Amino acid sequence: MQEERVKSVLEQYPSYEATVGIEVHVQLKTQSKIFCRCYNRFGDMPNSNVCPICTGQPGVLPMLNKRVIDYAIMLGLATNCFIRRRCDFARKHYMYPDLPKNYQITQSDKPICSDGYIPITTIDGKEKQIRLVRIHIEEDAGKNIHSATGWSFVDLNRAGTPLVEIVSYPDIANAHEAKEYLNHLHTIIRYLGISDANMDEGSFRADVNVSVKQKEAKELGTKIEVKNINSFKFIAQAIDYEIERQIQDIEAGKKISLETRLWDSKKHQTVFMRSKEEAQDYRYFTEPDLPAIEIDDEWLERVNACIPELPHDKFNRFVSDYGLSPYEADILISDQGISRFFEDVVCGCNHAKQASNWILRDLLGYLKEHKVELHQTKLTAQGVAELIIALEKGTINSKVAQEIFVEMIETGTGASAIITSRGLEQISSVDELEKIVRSIIEKNPDIVEKYRSGNERMMAFFVGQAMKETKGKGNPQIIQDLLKKCL
Ligand code: ZN
Ligand code: MN
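These notes cover the structure that comes with them. Computed from a prediction, not measured in an experiment: that's the story for all the values here. (Residues numbered from 1 in each chain as written. Chains lettered and ligands numbered in written order. Predicted model: local features only at pLDDT ≥ 70, side-chain atom pairs only at ≥ 80, totals over all residues. Heavy atoms only, no water.)

**Focus on the overall build of the protein**
Put simply, the test is: Numbered from the N terminus, helices here are DSSP runs of H or I no shorter than four residues, and strands are runs of E no shorter than two. We compute the radius of gyration from the C-alpha atoms alone; for a globule the expected value is 2.2 Å times N to the 0.38, where N is the number of residues. For every residue, the accessible area (1.4 Å probe, protein chains only) is compared with the maximum for its type, and the residue is labelled buried under 20%, exposed over 50%, or partly exposed between those bounds. All accessibility values rest on the Shrake-Rupley procedure with a 1.4 Å probe; residue burial counts only the protein chains present in the view. A residue counts as positive if it is Lys or Arg and as negative if it is Asp or Glu; His and the chain ends are not included. For the purpose of locating charges, the reference atoms are NZ of Lys, CZ of Arg, CG of Asp and CD of Glu.
Check the secondary structure of the protein and you find 15 helices and 16 strands. What you see for the protein is a C-alpha radius of gyration of 30 Å, clearly larger than the 23 Å of a compact globule of 487 residues, by over 25%. For the protein, the spread of C-alpha atoms along the principal axes amounts to about 95 × 55 × 50 Å. The buried share among the 487 residues of the protein stands at 48%. Surface summary for the protein: the accessible area is close to 25400 Å², and the carbon and sulfur share equals 50%. Seen as two clouds, the 62 positive and the 71 negative side-chain charges of the protein have centres 3 Å apart.

**Notes on the coordination of the zinc ion (ligand 1)**
Rules: For Na, K and Ca the donor cutoff is 3.2 Å, while for all other metals N, O and S atoms must lie within 2.8 Å; water is not among the atoms, so some sites may look incomplete. The geometry test gives tetrahedral to four donors whose angles all lie between 85 and 135 degrees, gives square planar to four donors and octahedral to six donors whose opposite members are over 155 degrees apart with all other angles between 65 and 115, and gives irregular to the rest.
Of the protein atoms, only C36 (SG), C38 (SG), C51 (SG) and C54 (SG) coordinate the zinc ion (ligand 1), at distances of 2.3 to 2.4 Å. Considering all four donor atoms around the zinc ion (ligand 1), the spread of angles at the metal, 101 to 114°, places the coordination shape in the tetrahedral class. Spacing between the donor residues of the zinc ion (ligand 1) along the chain follows C-x1-C-x12-C-x2-C. For the pair C51 and C54, a shared accessibility class is recorded, and that class is buried.

**A short note on the packing of aromatic side chains**
Worth spelling out the cut-off: Classification of ring pairs rests on two measures: the distance between centres of Phe, Tyr or Trp rings, Trp counted by its six-membered ring, which must be within 6.5 Å, and the angle between planes, read as stacked under 30 degrees, edge-to-face over 60 and tilted in between.
Summed over the entire model, instances satisfying the criterion amount to ten aromatic pairs. Between Y94 and Y282, the aromatic rings sit 6.1 Å apart at their centres with planes inclined by 70°, giving edge-to-face as the arrangement. Taken together, the residues span a long stretch of sequence, with Y94 in the loop between β4 (90–93) and β5 (103–106) and Y282 in the loop between β14 (269–275) and β15 (285–286) at a distance of 188 residues. Here Y282 falls in the partly exposed class, since its relative accessible area comes to 23%. Measuring from ring centre to ring centre gives 5.1 Å for F318 and F342, while their planes differ by 50°; the resulting arrangement is tilted.

**Points about the sheet that holds β14**
Applicable threshold: The criterion for strand pairing is that DSSP finds at least two bridges linking the strands in question. Any pair of residues with heavy atoms lying within 4.5 Å of one another is described as a contacting pair. Whenever a helix is involved, its axis is fitted only over the stretch in contact; in every case the axis is a line through C-alpha atoms, and angles between N-to-C directions fall within 0 to 180 degrees.
If you trace the nine strands from one edge of the open sheet to the other, you get β2-β6-β7-β10-β1-β11-β12-β13-β14, paired in mixed fashion. The open sheet has two edge strands with one neighbour each: β2 (82–83) and β14. Relative to strand β10 (residues 162–168), strand β1 (residues 16–27) runs antiparallel, the two being bridged by five bridges. When the sheet's bridge partners are listed, E23 is paired in β10 with V167. In the packing of helix α3 (residues 232–251) onto the sheet, contacts are made with β1, β11 (204–214), β12 (224–229), β13 (259–264) and β14, and the angle to β11 comes to roughly 25°.

**Side note on a nonpolar patch on the surface**
Let me state the cut-off plainly: Each patch is built from residues lacking any salt bridge and having more than 30% relative accessible area; the joining distance is 9 Å for like charges and 5 Å for nonpolar side chains (Val, Leu, Ile, Met, Phe, Trp, Tyr). Should a side-chain nitrogen of Lys or Arg be within 4 Å of a carboxyl oxygen of Asp or Glu, the pair is scored as a salt bridge.
Residues I145, W151 and F153 make up a contiguous nonpolar surface patch of about 360 Å² in total accessible area. Along the chain, I145 turns up in strand β8 (residues 143–146). Taking relative accessible area as the criterion, I145 reaches 38% and is therefore assigned partly exposed.

**Regarding empty space enclosed by the protein**
Selection criterion: In this analysis the probe radius is 1.4 Å and the grid spacing 1 Å, with only protein atoms considered; a cavity is a set of points the probe fits into but cannot get out of, a pocket is an open set with protein on both sides within 12 Å along at least five of seven lines, and lining residues have an atom within 4 Å of a point. Grid points are joined across faces, edges and corners, and a volume is the space filled by probe spheres set on the points. Ten residue types, Ala, Val, Leu, Ile, Met, Phe, Trp, Tyr, Cys and Pro, are classed as nonpolar, four, Asp, Glu, Lys and Arg, as charged, and the remainder, Gly among them, as polar.
Summed over all chains, the structure comprises one cavity of 30 Å³ or more. Volume-wise, the largest cavity comes out at about 50 Å³. Forming the boundary of the largest cavity are C54, D98, L99, P100, K101, E139, D140, A141, G142, A159 and G160. Its residues placed into classes, the lining of the largest cavity shows five nonpolar, two polar and four charged.

**Here we look at the environment of C349**
Locating C349 in the fold gives a position in helix α7 (residues 336–349). Residue classification places C349 among the buried residues on the basis of a relative accessible area of 9%. Residues contacting C349, with those up to four places away along its chain left out, are A385, I388 and I389.

Below, the structure is given as structure tokens:
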């Protein structure tokens, strides 16, 4: 399987380079919210999961959910961060209808994790590290719902949902690297099981900062922020669009001004949202209602023990141990369930390349077409292993194998059982096949004539007839050889 070559919009502007930094907010999948006992759940009736704490009533006290710290440490360790042994919370003040306290509890100059990195692959296939400035913990705000009737509503179910904010250095050079970075971060989070990381439901939200400059310029260009883009594809498109827009403005002698823009996915362009010329003063100060968090060796060890094999390590192992191409390994590891299934199949048949082919082509094709997940099907790894062995031994031909594969997905029956019960063994008996071939030749004298007068394409007709006679079970190689002999 081959990957198409990725291009960057920068290829058209060789004297320029771009700098991209990304901030990601991830909702953590805890049972309850970060500072109260309310359910942390998406999709419930508006304002059904609220209490005096998460609605910001005066005089209430927040109580920290310890699981949030566990999850933040997990992510920090998985992204090579330094874990601060003593960190605290801070109030960040601003007024907005979905923030009834008028401040957000977050972390300021003492974030729980800092100075990590995530390895990615560049356009040229080289490994590159995207450094992380920090990962900090904070609470989510509620949600404003603006209706078509002109009324606006506030739903506070989301208020107090635990978040981690992951801030990268501006190490990302183009849209491809941004997509790589987000994909890797997303996969790590899914492997750790700390979030659904679902972009549609807002549990994984990315804001990108894009600036461009002439290659020889020393200082970075003015950065433009593009907010709330809800798919990796759109993020890549927004970055390409911004790079080109900013270069063209600079070429036209215009000044780039600090601003926030939004991606319009219908018009394929970013649109002005607000100016950021005046920096907001959030008046940070240490949260007085929460004690500092002390993380000792034992806590760190306990969390570290819960970290599974990470995607990057699994990728390297799949390439070196199974001889897969980086492209194949990359798709297999992108989903933990699929990668486990792959290894189970290999365990049962010892044919990694075939296992990878069946999964990448037939299984993923089926899942995509029927919009289902692997665990919703009845397919077993043992069944696929049996199929690969039967094919390898020549018990069945590849056309029959495809049918069996679909039947296995839908019924959960193993390949061996399907082959026996439906009598699908390939017919490889030369005597038996020769009888069939001869009778087809007898029945079609006109086509035999065409073939003999040089129309080689008629061979396909005879093979097709023979396969029909054998209900698809004939060994196609033997049939071809027999036809050549008898014609
Ligand atoms: Zn609450
Ligand atoms: Mn934030």
